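Secondary and tertiary structure notes
What follows is the residue order along each chain.
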Amino acid sequence: MEILEFVQTNWLEILQMTLEHIELVGLAVGIAIITGVPFGIYISQRESLANLVLAVAGIIMTIPSIALFGIMIPIFSLINQGIGYLPAIVALILYSQLPIIRNTYIAIKNVDPNVRDAAIGMGMTTFQRLIKVELPLAFPVIMAGVRMAIVLTIGIGAIAAYIGAGGLGGYIARGISTSYAAMIQVGAISVSTLAISIDVLLGKFQKRFSSRESIKS
Amino acid sequence: MIEFQNATKVYESVDKSVTAVNNINFHVEPGEICVFLGPSGCGKTTLLRMVNRLIPITRGSIEVEGKNINSMDIIKLRRSIGYVIQHNGLFPNMTIEDNINVVPKMLGWDQNRMKKRCSELMEMMGLDPGQFQKRYPFELSGGQQQRIGIARALAADPPVMLMDEPFGALDPIIRDHLQNEFLRIQKEMKKTILFVSHDIDEAIKLGDKVAIFDTGELMQIGTPDEILSNPKNDFVRDFVGDDRALKRLTLLKVRDLMVLSDGFRKHRLNNEWHGQVISVNENLKTALSHLLSAPNGEVCVVDDHNKKLGVLCVSDFNLFTEVHPKDISIVR
Ligand SMILES: Nc1ncnc2c1ncn2[C@@H]1O[C@H](COP(=O)(O)OP(=O)(O)OP(=O)(O)O)[C@@H](O)[C@H]1O
Ligand SMILES: [Mg+2]
């Protein structure tokens, strides 16, 4: 019941921190999409590069998040940003890259070679082929990657609070250091609720698109 | 006009090189259908795709309408050549209408013109535009998809068409129907067409010329009649089959035999004919089949107005080997 009390007295703060969390994740994944999708497309045209990139991205994924944040601090100290929003965002972008790059790469690679052939043979430029044929066909799989990245970043984003990124992780960090159980619990439950509800929402969105785009291919 | 000069393609891989097309020389006249025929892996698709530069040529040259393809802008070249891919390759994310409009759109046609052209092509292919144009490819049967593939290649009215087994993987009835439609359409369009097939009967039926390949080499090129009556070597003879004389029957009509056969005219014809009747425009294969099943070994030949012209019997086919479609067209 302590939890309910906590929520009752702090609901405005919880809401604010949730919004902060969403902002953090939104910005990180947004940037990851803008960089990851073109990068995924690029490596899908260069097989040798692709293996290297996917391997490196895979290694980044295996670094525990707390360690990655640790690595960020000395690097960003060089520009006087050792702790705070910036290193957290950069770490989150790195994490969300992998599912996005990998899914983009796989999706483009999996476009039916006959369809690609037809596009080239009919005189589409590489750009036209990507925009009109390959990306629309790859869209559902890329979306699945984005969805994965978002859920992943919501979880890792909670840990980013330790280097001062703000968001719901703040409750967990503060709660642990002050041994305030209700605060930890509210933080944890909020993060999970956020992750689950956004995942469900994205799932619906994805379904609506893929029923029109991918089932036929 | 399409001209191959010493056209050669060597696929290089790390450990070996494969000569898929070796020193090919021939040309195809404007308005002609040339069928590439040969066993699987003999290089038909490779040679076809060299024409629109999907596969870069290793040695030699290819000219389309008098211009070396390597000197042309690659995108322009491809947009001026209709391409029907093996397994149709329709864009699954686009409606039938959008699929057909791909090249016209890239060429900057206006909406009205595209709409008109699309309906026209779909009707030509025997598909009702109202019913089909808003559908997606997966909502069509295999045969319908293949027809859309052909319509799409024809959309911008290119003078040259490359068709890679466009009627493959279809049941014989639809296939036969589409072949007939295709010939009917080609009569008006007069496109220069390279057509890949591995079916000798299809090649005979559709080709003005047939080019037979084996492991990248051109074995023989000629009219279906030349190929069937004069196979140049053992490979061609084996490939066209021991029944090549029977296959030749489909190239000739009853009227062709009539023209050159004095014996035929001398056959007595009763006014009362109770036996089988056959049209003068029927091909000789069907005629022979009728004869073989006629009780007295004779059938009556009639013209389009059902007027009796004479009686045909098996011995008339003695003349058959001396009759060639080429000579007939002169007599006609
Ligand atoms: N990209 C490639 N790299 C290496 N060898 C190839 C490549 N593409 C085709 N080949 C080889 O070239 C030869 C000709 O292939 P091609 O696809 O032109 O045959 P085809 O006559 O069209 O056969 P099919 O009737 O089966 O379609 C084959 O031996 C094939 O293995
Ligand atoms: Mg082939």
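Residues numbered from 1 in each chain as written. Chains lettered and ligands numbered in written order. Predicted model: local features only at pLDDT ≥ 70, side-chain atom pairs only at ≥ 80, totals over all residues. Heavy atoms only, no water.

**Details of the pairing of strand 7 (residues 160–164) of chain B**
Residue and element names in this part refer to chain B. The buried fraction of strand 7 amounts to five of the five residues, a majority that puts the element mostly inside the structure. The alternating pattern of strand 7 places Val160, Leu162 and Asp164 on one face and Met161 and Met163 on the opposite face, and all of these are buried. Where strand 6 (residues 81–84) and strand 7 come together, four bridges link them in parallel fashion. Paired with Val84 across the bridge in strand 7 is Met163. Relative to strand 8 (residues 192–197), strand 7 runs parallel, the two sharing five bridges. Note that in strand 8 the partner of Val160 across the bridge is Thr192. (Buried < 20%, exposed > 50% of the residue type's maximum accessible area, 1.4 Å probe, protein only. Helix = DSSP H or I, 4+ residues; strand = E, 2+ residues; numbered from the N terminus. Pairing = 2+ DSSP bridges.)

**Topic: the domain arrangement of chain B**
All names here are of chain B. We note that the domain assignment places domain 1 (2–249) and domain 2 (254–331) within chain B. The distance between the C-alpha centroids of domain 1 and domain 2 comes to 36 Å. Where domain 1 abuts domain 2, roughly 680 Å² becomes buried across the two surfaces, and 62% of that area is made up of carbon and sulfur atoms. When the buried area of domain 1 at its contact with domain 2 is split by residue, Asp225, Arg248 and Leu249 rank highest and sum to 77% of it. The tally of links between domain 1 and domain 2 comes to zero salt bridges. Taken together, domain 1 and domain 2 are joined by one residue pair in polar contact (both at pLDDT 80 or more). Of all the elements in the fold, those that place two or more residues in the side of domain 1 that touches domain 2 are helix 9 (224–229) and helix 11 (244–249). The element that contributes the greatest number of residues to the side of domain 1 that touches domain 2 is helix 11, accounting for four residues. The class makeup of the residues in the side of domain 1 that touches domain 2 is three nonpolar, one polar and three charged. (Domains from an automatic or database assignment. Buried area = accessible area lost by both parts, 1.4 Å probe. Salt bridge = Lys/Arg side-chain N within 4 Å of Asp/Glu carboxyl O. Polar contact = N/O pair within 3.5 Å; in protein donor to acceptor, adjacent residues only side chain to side chain. Nonpolar A, V, L, I, M, F, W, Y, C, P; charged D, E, K, R; others polar.)

**Observations concerning the UniProt feature "transmembrane region" (unreviewed entry) in chain A**
All names here are of chain A. What UniProt calls "transmembrane region" (unreviewed entry) maps, in this numbering, to residues 24–43, 50–76, 82–101, 137–163 and 183–202. Structurally, residues 24–43 comprises 100% helix and 0% strand, and the distance from its first C-alpha atom to its last is 28 Å. The annotated region residues 50–76 carries 93% helix and 0% strand content, and the separation between its end C-alpha atoms amounts to 29 Å. (UniProt positions renumbered as here; feature names shortened; annotations may be inferred.)

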